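Summary of the model geometry
One-letter residues, chain by chain:
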Amino acid sequence: MNINLTLECDSCGEPTNCRIGMSNRPEQPLRFACKDCGQVIDLTLRMHSADIDGAHQIETQTPFDENTNFVDLHLDFPVSFEKYVMGQTPFMMAAQRIGVDEMMLHGARLRHLDEFHDNKRTFNTLLKHYTRQKKTPFKLVAKRAFDVDVISDAPQDFNAALYNLLAIMMWPFALPGDNANTVDLFMNELGKARQASKPELEAFIAETIDTRFLAKLQSDCLDVYPRMLASELALRPALFLDFDDAYSNNPIPMRVSADDFQSFKDLYKDIAEVISRQFVLVAGVNNLIKRGNHNTFFPGIGLTKSGKDFTPDSLDQFAKVDFGKKLTFIDDSWYQLEDDSADNQLRNAIAHFKTEYDDVTQIISYYPQKDGLEAKAPKTISFLEFMRRILTAYREMHRLHHLIKALFYYRYLLMDDASKQEAT
Ligand SMILES: [Zn+2]
């Protein structure tokens, strides 16, 4: 179903014709900016009421004429910035971009997000119980709210229950088959590291656990999940792009109909930060497989043309290096990052407040150069593309979270030392 209405901007008085494709969400917060003056206009639709901020509704002349400003809006899909064409509704346009099966899969993901909308709070609480090791409330709530059993008090069973919960709640954000492939890869590579040197692999795992590096990293991963769920409305168009091959080949600007860039820039930065720390584990395992010691980097890998050698002396030193440099210190890495999942220039620009957002065009300009008063050479990406980067970065973080899980499992199940219980 579509609604046509006309809103007059409170700042400049210009009208905008809106064609709104309805989602199944009971409450639909939509946002766009007045094309003439940039005023942000918020429109929240509910079953029997609506709130409008930044504009007010005036009488609609249908069909829409060509000269009045126009926006297509739909929570569930990216929509066109093009002119009004009768009949080319957001849903029709989306359906033309991908196939019927893919439309159904996208719909299934959105239904899951709608159905579990009310469970978000309970899920957040459960993650907190897990991090604080509140075993009894964790067990009770996991069973009651999600029908997830914790089969014993052993740490590996709590760990297993945690990942079951994540699989249930976060399913719409996953790529089909991704988790299974990832777990296979980690088991395989840890097997190689074990073959290279079992005592050294175990020393590596003991170090990451005894220093609480692994627990802290896991807790930082767990903090990301509720934030992804809280961002789901603005992520829906990015989820749609999983199926949109034409977009992958030619990323044209399309509109995201909820919220704006400012609300999500920290999320991207924080996920990138977690990935950067997860790469300490990737480097450790790489060093183990290749040289039988997690602290030993490939000799001279950090050698510059001027003869200075920045090769890290230890994994601890590596941990302090910027993410962009980290990647250059891992020789022939066993783990490959997905494209675009960790754009260091974008991350740096956000961290150093060097971004600008145009509410009308939804274009983000960012300035990768760190220094100087003059803002030089901006790069640009659309808000939609930015949300897709968040999704890709999230998936990378989630994949590497399985490595954390695998290391904990190794400790719980395969190492027999007295500190096992402390590590929980
Ligand atoms: Zn205006």
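Predicted model, so just to flag it, every value in this text is computed and none were measured. (Residues numbered from 1 in each chain as written. Predicted model: local features only at pLDDT ≥ 70, side-chain atom pairs only at ≥ 80, totals over all residues. Heavy atoms only, no water.)

1. Concerning the domain arrangement of the protein chain
Along its sequence, the protein chain is carved into domain 1 (2–97) and domain 2 (174–420). One C-alpha centre belongs to domain 1, the other to domain 2, and the line joining them spans 37 Å. On the domain 2 side, the residues contacting the 23 residues of domain 1 number 23 residues. Across the contact surface, domain 1 and domain 2 share five salt bridges. (Domains from an automatic or database assignment. Contact = heavy atoms within 4.5 Å. Salt bridge = Lys/Arg side-chain N within 4 Å of Asp/Glu carboxyl O.)

2. Here we look at the coordination of the zinc ion
Octahedral metal centres with six donors ideally show angles of 90 or 180 degrees, and tetrahedral centres with four donors ideally show 109.5 degrees. Within the first shell, the zinc ion binds the protein through Cys 9 (SG), Cys 12 (SG), Cys 34 (SG) and Cys 37 (SG), at distances of 2.3 Å. Taken together, the four donor atoms coordinating the zinc ion and their angles of 102 to 114° define a geometry best described as tetrahedral. On the basis of relative accessibility, which here comes to 2%, the residue Cys 9 falls in the buried class. Judged by relative accessible area, which is 35%, Cys 12 ranks as partly exposed. (Donors = N, O, S within 2.8 Å, 3.2 Å for Na, K, Ca; no water. Tetrahedral: all angles 85-135°; square planar, octahedral: opposite > 155°, others 65-115°. Buried < 20%, exposed > 50% of the residue type's maximum accessible area, 1.4 Å probe, protein only.)

3. Quick notes on the packing of aromatic side chains
With the rule as written, the count across this model stands at 22 aromatic pairs. Ring centres of Phe 77 and Phe 91 lie 5.9 Å apart, and the angle between their planes is 70°; on these two criteria the pair is classed as edge-to-face. Of the two residues, Phe 77 is situated in the loop between β7 (69–74) and α1 (90–97) and Phe 91 in helix α1; the sequence distance between them amounts to 14 residues. For the ring pair Phe 261 and Phe 386, a centre distance of 4.8 Å and an interplane angle of 80° mean the geometry is edge-to-face. Here Phe 261 is found in the loop between α10 (245–249) and α11 (265–291), whereas its partner Phe 386 is found in helix α15 (residues 383–414), with 125 residues between them in sequence. (Phe/Tyr/Trp six-rings, centres within 6.5 Å; stacked < 30°, edge-to-face > 60°. Helix = DSSP H or I, 4+ residues; strand = E, 2+ residues; numbered from the N terminus.)

4. Quick word on the confidence of the model for the protein chain
If pLDDT is low for a region, its predicted coordinates should not be looked at in detail. Confidence in the prediction for the protein chain averages 91 pLDDT; 96% of positions are at 70 or higher. This stretch, residues 418–424, has a pLDDT under 50; its non-local contacts, to residues over four places away or in other chains, come to eleven contacts. (pLDDT = per-residue confidence, 0-100.)

5. Regarding the sheet that holds strand β6 (residues 55–58)
Strand order across the open sheet formed by four strands is β6-β1-β2-β7, with mixed pairing between neighbours. The open sheet terminates on both sides in strands that have one partner only, identified here as β6 and β7. Across the sheet, the axes of successive neighbouring strands diverge by a mean angle of 35°, strand direction being ignored. By the bridge criterion, seven bridges tie strand β1 (residues 2–9) to strand β2 (residues 15–21) in an arrangement that is antiparallel. The partner of Ile 3 across the bridge, within β2, is Ile 20. Along the sheet, α1 contacts β1, β2 and β7; its crossing angle with β7, the most-contacted strand, is approximately 65°. (Pairing = 2+ DSSP bridges. Axes fitted to C-alpha atoms, helices over the stretch in contact; angles between N-to-C directions.)

6. A short note on the pairing of strand β3 (residues 28–33)
Here six bridges tie β3 to strand β4 (residues 40–45), and the two strands are oriented antiparallel to one another. For Arg 31, the partnering residue across the bridge sits in β4 and is Asp 42. From the end of β3 to the start of β4, which pair antiparallel, there are six residues, and Gly 38 there has a positive phi angle of about 85°.

7. Here we look at the packing of helix α8 (residues 213–230) against α11
Look at α8 against α11: their axes get within 10 Å of each other, and the N-to-C directions meet at 150°. Overall, the two elements α8 and α11 adopt an arrangement that is roughly antiparallel. Crossing of α8 against α11: the hand is left-handed. On α11, the residues that touch Phe 213, Leu 214, Lys 216, Leu 217, Asp 220, Cys 221, Val 224, Arg 227 and Met 228 of α8 are Asp 266, Leu 267, Asp 270, Ile 271, Val 274, Arg 277, Gln 278, Val 280 and Leu 281. Taken together, the residues of the contact of α8 with α11 break down into eleven nonpolar, one polar and six charged. (Parallel < 35°, antiparallel > 145°, perpendicular 65-115°, else oblique. Left-handed = near helix turned anticlockwise from the far one by under 90°. Nonpolar A, V, L, I, M, F, W, Y, C, P; charged D, E, K, R; others polar.)

8. Quick look at the nonpolar core
Core analysis: the biggest nonpolar cluster contains 99 residues, and Phe 123, Phe 173, Met 228, Ile 271, Phe 386 and Ile 390 have the highest contact counts within it. Take this core: its biggest share by element is 17 residues, from α15. With near-sequence residues (within four places) excluded, Phe 173 lies in contact with Leu 113, Met 228, Leu 229, Glu 232, Leu 235, Leu 239, Leu 391, Tyr 394 and Arg 395. Formed by 17 residues, the second largest nonpolar core is a distinct cluster that contains Leu 43, Leu 45, Ala 55 and Leu 75. (Core = buried A, V, L, I, M, F, W, Y, C linked by side-chain atoms within 4.5 Å.)

9. Focus: empty space enclosed by the protein
This model, assessed by the stated rule, comprises two cavities of 30 Å³ or more. Quantified by volume, the largest cavity comes out at close to 40 Å³. Lining the largest cavity, in full, are Arg 31, Phe 32, Ala 33, Asp 259, Asp 260, Tyr 357, Asp 359 and Gln 362. Broken down by element, the lining of the largest cavity gets its largest block of residues, three residues, from β3. Of the residues assigned to the lining of the largest cavity, the class counts are three nonpolar, one polar and four charged. (1 Å grid on protein atoms, 1.4 Å probe; cavity = no way out; pocket = protein on both sides within 12 Å on 5 of 7 lines; lining within 4 Å. Points joined across faces, edges and corners; volume = space filled by probe spheres on them.)

10. What about the sheet that holds strand β8 (residues 355–358)?
With antiparallel pairing, the three strands of this open sheet are ordered in space as β8-β9-β10. Pairing within the sheet leaves two strands with one partner each, and these edge strands are β8 and β10 (379–382). Strand-to-strand twist in this sheet, taken as the mean axis angle between neighbours without regard to direction, amounts to 20°. Of the strand pairs in this sheet, strand β9 (residues 363–366) and β10 are connected by four bridges, and their pairing is antiparallel. Bridging from a neighbouring strand, Tyr 366 pairs with Lys 379 of β10. Along the sheet, α15 makes contact with β8, β9 and β10, crossing β10 at roughly 85°.

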